[in-house]
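Listed below, chain by chain, are the residues.
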Amino acid sequence: MNVSDAIAARRSVRGFLDTPVDAALLREIAVKAARAASGGNLQPWHIDLVTGDSLAELKAIVAAKLMAGETEEPGYDIYPRALTAPYRDRRFAVGEAMYGHVSIPREDKAARRAWFARNFQFFGAPAALFCTVDRQMGPPQWSDLGMYLQNVMLLAVEAGLATCPQECWAVYPRAIETFLGTPAERMLFCGMAIGYEDKGEPANRLRTERAPEGEWLNVRT
């Protein structure tokens, strides 16, 4: 598979088979991804891979928190608090498209909350990745995290796997950092579901649109 094909094939999958992913393959992907570009070669990413009984334990912990209505102070704002157009419109559009695929109307708030809770079960994926970063790092190093995670997702495509990057885990930073044993000087950035796509899941029919290049690309010669 060439890079162009992997980029075109990558998407966020929200329904996985329970087929286990070989631990050696997960480790190989995580290590290969570390060739990501990194300013000053800081390599600010710290990665935890979670599978098997450990993943089941984590899912149970978070499910109990959701059931009890327990919340935490998020580690950071996932989206700007006063998000403006066109970014606000794009976020709204993709949400409506996804709920359309799973046939949950906008007025059914309870069903939408239940669907969103599937994030915290990794959409049934048998493997998870968590990315943490030293608290002293700033926006340039956070961009390095994105380049590492993009490598993971493209390598997963090459290996026949599917992924879903999940910043939603930042709303339970204490629970996840405690579970992982994350040192105090590091904070949780995001999680990622990894596994084999359930092609029968309606949500996986979603194909997000990209803005026309005229909205964001300038070429000067």
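Scroll up to find the structure.
Residues take numbers from 1 onward in each chain, read along the sequence in its written order. In keeping with the predicted nature of the model, local features appear solely for residues at pLDDT of at least 70, side-chain atom pairs appear and are counted solely at 80 or more, and the whole-chain, interface and lining totals rest on all residues. Hydrogens and water molecules were not included; the side-chain quantities draw on all heavy atoms of the structure.

Asker: Tell me about helix α7 (residues 173-180), residues and numbers included.
Answerer: What α7 keeps buried is the set P173, A175, I176, E177 and L180. Here, residues are in contact when the closest pair of their heavy atoms is within 4.5 Å. In DSSP terms, a helix is any run of H or I states spanning at least four residues, a strand is any run of E spanning at least two, and both are numbered starting from the N terminus. Of the surrounding secondary structure, the elements contacted by the buried residues of α7 are β1 (46-51), α3 (52-68), β2 (127-134) and β4 (186-195). Just past α7, the residue G181 takes up positive phi, approximately 75°. Exposed residues in this analysis have more than 50% of their type's maximum accessible area, buried residues have under 20%, and partly exposed residues fall in between, with area computed by a 1.4 Å probe over protein chains only.

Asker: Lay out the pairing of strand β3 (residues 162-166) in plain terms, naming residues and giving numbers.
Answerer: Taken across its five residues, β3 has four buried, putting it largely inside the fold. Examined bridge by bridge, β3 and β4 share five bridges and lie antiparallel to one another. Residue pairing in the sheet places A162 in a bridge with G195 of β4. Here a strand pair is declared whenever DSSP counts at least two bridges between the two strands.

Asker: Give me the lowdown on the environment of W115, citing residues and values where you can.
Answerer: Locating W115 in the fold gives a position in helix α5 (residues 109-117). You can call W115 buried: its relative accessible area is 9%. Each C-alpha atom of the pair W115 and F130 lies 22 Å from the other, and the pair is 15 residues apart in sequence. With residues near it in sequence (within four places) discarded, W115 still touches R14, M98, Y99, V102, I104, F123, E201 and A203.

Asker: Would you mind going over the nonpolar core in detail, with residue names and values included?
Answerer: Counting 29 residues, the largest nonpolar core has F16, V62, W115, F122, F130, W169 and I176 as the members making the most contacts within it. Within the second largest apolar cluster, 27 residues are counted, among which are A33, L129, C190 and I194. Among buried residues, those of type Ala, Val, Leu, Ile, Met, Phe, Trp, Tyr and Cys that are joined through side-chain atoms within 4.5 Å constitute a nonpolar core.

Asker: Quick rundown of the packing of aromatic side chains? Include the residues and the values.
Answerer: Think of it this way: a Phe, Tyr or Trp ring, Trp meaning its six-membered ring, pairs with another when their centres are within 6.5 Å, and the plane angle makes it stacked under 30 degrees, edge-to-face over 60, tilted otherwise. Under the definition given, this model contains 11 aromatic pairs. Their ring planes at 65° and their centres at 5.0 Å tell us that W142 and F189 sit as a pair that is edge-to-face. One end of the pair, W142, is in helix α6 (residues 139-158); the other, F189, is in strand β4, and 47 residues separate them in sequence. The exposure class assigned to W142 is partly exposed, which follows from its relative accessible area of 22%. Put simply, the rings of F116, F120, F122, F130, W169 and Y172 pair up and form one aromatic cluster.

Asker: Which residues make up the state of the cysteines, and what values go with them?
Answerer: Note on terminology: pairs of cysteine sulfur atoms within 2.5 Å are recorded as disulfides. Within the structure shown, the criterion is met by zero disulfides. In this structure C168 is a free cysteine whose sulfur lies 7.8 Å from that of C164, the closest cysteine sulfur available.

Asker: Quick rundown of the packing of helix α4 (residues 87-101) against α5? Include the residues and the values.
Answerer: Between N-to-C directions, angles span 0 to 180 degrees; the directions come from axes that are lines fitted to C-alpha atoms, helices contributing only their stretch in contact. Across the interface, α4 lies against α5 with an axial gap of 12 Å and an inter-helix angle of 95°. Comparing the axis directions of α4 and α5 gives the class roughly perpendicular. In this structure, α4 uses E96, M98 and Y99 to contact α5, whose residues at the interface are R112, W115 and F116. When residues are sorted by character, Ala, Val, Leu, Ile, Met, Phe, Trp, Tyr, Cys and Pro go into the nonpolar class, Asp, Glu, Lys and Arg into the charged class, and all the rest, Gly among them, into the polar class. When its residues are assigned to classes, the contact of α4 with α5 shows four nonpolar, no polar and two charged. The scheme is simple: roughly parallel for angles under 35 degrees, roughly antiparallel for over 145, roughly perpendicular for 65 to 115, oblique for anything else.

Asker: So, the side chain of R186: which residues are in play, and what are the values?
Answerer: Relative to the helices and strands, R186 resides in strand β4. The charge count treats Lys and Arg as positive and Asp and Glu as negative. His and the chain ends do not count. Criterion for a salt bridge: a side-chain nitrogen of Lys or Arg within 4 Å of a carboxyl oxygen of Asp or Glu. Of the side chains bearing the opposite charge, D48 lies closest to the buried R186, which forms no salt bridge; the N-O distance is 4.6 Å. Excluding residues that lie within four positions of it along the chain, R186 makes contacts with H46, T132, V133, D134, R135 and E177.

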